[in-house]
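The primary structure of each chain is shown beneath.
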Protein chains: 2
Amino acid sequence: MAKDVHPPRGMRDFLPLEKTRRDQVLTTIRETYLGHGFQEIETPALEDLERLTSGQGGDNEKLAFRVMKRGAELESALASNNGEDNLADLGLRYDLTVPLTRYYATNRAKLPTVFKALQTGPVWRAERPQKGRYRQFVQCDIDIIGDASILAEIELLNASLDALTAIGLKDATIRVNHRVLLANLLEQLGVPEAGKGSAMITIDKLDKIAAEGVVAELAEKFDAGVAERAAAWLNAIAGDLPIPAELQEIFSAIEARFGAGRLRFDPTLVRGMGYYTGTIFEIEHPESGSSIGGGGRYDGMVGRWLGTDAPAVGISIGFERAVDLVEANVDNSKSLVLVLDSAAPVVIGNALNVQQQAIDAGYRVRLEQRPKKLNNLLDSMAEQGFGSFATIGEEFVNFADLSLRNIAN
Amino acid sequence: MAKDVHPPRGMRDFLPLEKTRRDQVLTTIRETYLGHGFQEIETPALEDLERLTSGQGGDNEKLAFRVMKRGAELESALASNNGEDNLADLGLRYDLTVPLTRYYATNRAKLPTVFKALQTGPVWRAERPQKGRYRQFVQCDIDIIGDASILAEIELLNASLDALTAIGLKDATIRVNHRVLLANLLEQLGVPEAGKGSAMITIDKLDKIAAEGVVAELAEKFDAGVAERAAAWLNAIAGDLPIPAELQEIFSAIEARFGAGRLRFDPTLVRGMGYYTGTIFEIEHPESGSSIGGGGRYDGMVGRWLGTDAPAVGISIGFERAVDLVEANVDNSKSLVLVLDSAAPVVIGNALNVQQQAIDAGYRVRLEQRPKKLNNLLDSMAEQGFGSFATIGEEFVNFADLSLRNIAN
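I will try to describe carefully the structure that is included in this document. (Residues numbered from 1 in each chain as written. Chains lettered and ligands numbered in written order. Predicted model: local features only at pLDDT ≥ 70, side-chain atom pairs only at ≥ 80, totals over all residues.)

### Observations regarding the relation of the copies chain A and chain B
Thinking step 1. When chain A is fitted to chain B, the best match, at an RMSD of 0.0 Å, comes from turning it 180° and sliding it 0.0 Å along the axis. In symmetry terms, the pair is related by a two-fold rotation axis. Within chain A, Val67 of chain A has its C-alpha nearest the rotation axis, a separation of 2.2 Å.
Thinking step 2. Comparing interface residues between copies, 100% of those in chain A also lie at the interface in chain B; the contact surface is shared. (Least-squares fit on C-alpha atoms with pLDDT ≥ 70 in both. Contact = placed C-beta atoms within 7 Å.)

In C-alpha cells:
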C-alpha cells in the first residue's frame, strides 16, 4: 500500500520545469547584485535558539521552528521538567537579517570596512499555511554595513531596481519613507509619546481601512484633536507631494538613472519592524496585491552582537512573490532526446559519443531506450521541456550529421 | 559587550571568496549533469519525522535533528509525558535519497517514465563535530528511477566522471562492485546465512585492518575454514582481476569514452547501506584519504512509499570533500572598484552611470567613497578579489575612456 507521501504541511516539492524557472530568476537576481559589487555569503540554516529569540526578529520570533536538544542534554532537560523552552537549543532561521548581523559580528575582522552583503536562501516560519504563504520560502537580501551615508541607500535601490528589471519586473516601484518623518508627523498630530507605536500601527493600515478608518481608529485610541489633525494631514497628502529634504538626494540619483516613477515618496509607509531607524522601503508591483519586498536602515541592530554600533541598511526581495509575477520562459531550443534503437553495446557506445558531441555544442542531451510507443515518449519529453530528438543505431553518425527532428508540443 | 557570536557547533559561515568558489564548483557539477539530461528538483529541508526514521536511512536516522511540535500539539505531547519521541513531528533531512524516493511517490504522475533526477543541497546530521566533518553539508545526487537496465549505471558513471573532470578532478576514479558478487563470495567462503551481514562488515574494513586483520576477524566470528578460504581469496585478488560478466558492459562503455583506469573493479567493496541490491560505487581521489562519494542500485526502496516497486540507481558526490580538492581560482580580471572623490550628488551620479556602463561590459563594479588612506582600501579590495580601480570626480568620463589601474595583491 502506498503511504501518505506528501511533503510536510506548508512546504513544497518543485517539479523540474518549475525548479528551472526558479533557478533562472534567482540566478539573474544574484548576478545583478554581484555585478553591483555585492559579495555573496552563506550562513547556516540553524542558529542558536537564544539568538533567534532575543528580540531582533519581531513577531517572526514566535514562528521559529525549534530543534530539540540531543543525547544527554535532552535527557537532562526532560528530567528537569522545566517546560518546553528548555528542550530546544537550535532554531531554523526565520529571516536572513538576524543571521547577517551575527555573521558580521563573527567575521568582521576578515570583511572590508564597508561590507556589502548578498545572501539568498530559504527561511522557515511555522505560520498557519494558507494560499501563497509557505513554511519554507526563499529570500534575497542585500545589505550594506558600515556606511552611514545616503550613498548606501542609493546603491541598494539602484541595484534592486536593476535586479527587478532584469527578471522582467520593470513595472516594479519602491515606496520610500523615513522614520524621522514619521516621528515628526506623530509629534505634529499630538500623539502622546506612549501611544506612538500604536498610532503607527493604525497609520500602517491605510491601505486596508482607508482614510476614514484611520481617522476613526485614531479618535478611538487618542482624542478628537489627534483625529482631526490626522484627517487634515491625510487630505493634504492625497495629491502630489514634494520630496522631503531627507530623501531628496536618493530621489535625484535614482530618477537620473531610471526616470521618474520607479520611486514614490509615501509619508504613510510605516513597516512593522521596530528596529528601523531611518529610511524604509517597500517594493510593489501593479500585478501583485501585496508588497514583493522591502527594507530600511537599522543602525542599532548590528551593535547588539558586536558591542559597538555599526550603521546598516538593507533591502529584501520576497522571492516567492516575485517569481510568481515572472512569466515562465522554457527554452527548449538546445535540448535533445537521443532514442537508442536497441540496448546493444555498440548502440550505447554510439549514443554516449553523440551525446558528448552535442553537449560540447551546448545541448542538454537525454538518452532514452526506444519504447513500444515512441510518440508517448516524445509527448512526455516535450512536456519536460525537450525540443528535438534523433535516433541512434548501430551505425555511428557524428552529431553534426545527425538529423534532429522537432518534438511537437 | 560583544556576546558569543559563533555559528552553531559544527556549522559554518562562508566568507565571500569561499562562497564564490563553492558556487563555481557546484554550478559546474549541476551544469554538467543538466547537460546529460538530468532534471533538477528540489524538496523541502524538512520531512515528516516518521518518514525519516522508518528504516530507510540506516545509521543516519539516529543523527536526524528533530523539530519540536508547536502550539496545542506540543502542549498535549508535553502533558501526555510519553517521552521525547512524541515531542517532535518533523526532522531535517540527513540525505537526499530518502526525500527523493518520497518525492517520486508524491509526483510520479507528473514525471517521465524514466526519471533522471538531479538534486543538490544541504543535509544535516547531529554528528560529533570533528575536523572535516560538519553538521550541515552539501550533497550532489543524481538518480535514475524506472530503468532496470545497465544503461542507467552507464549514464550515472559517465555523467559523474564528466562532472568530476569538469571541476578539475580528472584523477578521480570510481571503484565498482555488485552485491550479487558479494553474495556469491560469501557463499563460497562458507559463511552461514545469519552471519553474512557481519562478514560484509569485516570485509569492508580491509582498507583499515589489511588482509591479515580481515582473516583474523573472520576466524574469530566464524571458523578456521572460512578464514582459510578468505585468505586464499584475498591472495587471489591481489593482482589484476578479470571484469566479471555482471560489470563487463559498464566497463566497456566507460573505457571507450575515458580510457582504462577511471573505473576499477573492487571485489572487496561493500558500502554500508543495507538497501543496495545490485551495483555499488565509491568515488576516490589520490589526494583524499577517504571516499569523495558513492552510490549504487537500490531497487527495493522506492516501493516502500509507492506501493509498487520501481528500479532505482543513484550516485552522490560528497561536495565538501570534492570542493576541498579543487584549487581556488579567483578571477579578478573583470572587477573594478570605483573610488568616489567626494559624496557630492554629481559625483554619485557620475559613479552610477559609469558603474552601469562597466556592468554592461561584464564587470563586477563596487563603489567606494575615498577614505583617508586610499592604499588601505585598495589592499582590502584586492583581498576581496577585486583587480582594478579608477577614480570618479565631478567631470563625467565614459567607462570606455576611464583609465583602470591594477590593484596589486
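### Section: the sheet that holds strand β5 (residues 115-124) of chain B
Residue and element names in this part refer to chain B.
Thinking step 1. The sheet built from eight strands is open, its strands ordered β1-β5-β6-β11-β10-β9-β7-β8 with mixed pairing. Edge positions in the sheet fall to β1 (39-40) and β8 (263-265), since each has one partner strand and no second.
Thinking step 2. Pairing analysis gives three bridges linking strand β7 (residues 173-178) to β8, with the strands arranged parallel. In the strand pairing of β8, Ile174 is matched with Leu263.
Thinking step 3. Relative to the sheet, helix α6 (residues 179-189) contacts β7 and β9 (279-284), its axis offset from that of β7 by approximately 55°. (Pairing = 2+ DSSP bridges. Helix = DSSP H or I, 4+ residues; strand = E, 2+ residues; numbered from the N terminus. Axes fitted to C-alpha atoms, helices over the stretch in contact; angles between N-to-C directions.)

### Notes on the sheet that holds strand β11 (residues 312-318) of chain A
All names here are of chain A.
Thinking step 1. Across the sheet, which stays open at both edges, the eight strands sit in the order β1-β5-β6-β11-β10-β9-β7-β8 with mixed pairing between neighbours. Strands at the two margins of the open sheet, each flanked by one partner only, are β1 (39-40) and β8 (263-265).
Thinking step 2. Note: β1 against strand β5 (residues 115-124), two bridges, orientation parallel. Within β5, the position partnered with Glu40 by the bridge is Leu118.
Thinking step 3. Of the strands in this sheet, β1, β5, β6 (136-145) and β11 are in contact with helix α1 (residues 16-35), which crosses β5 at around 160°.
Thinking step 4. This element, helix α10 (residues 245-258), spans β7 (173-178) and β8 of the sheet and lies at about 160° to β7.

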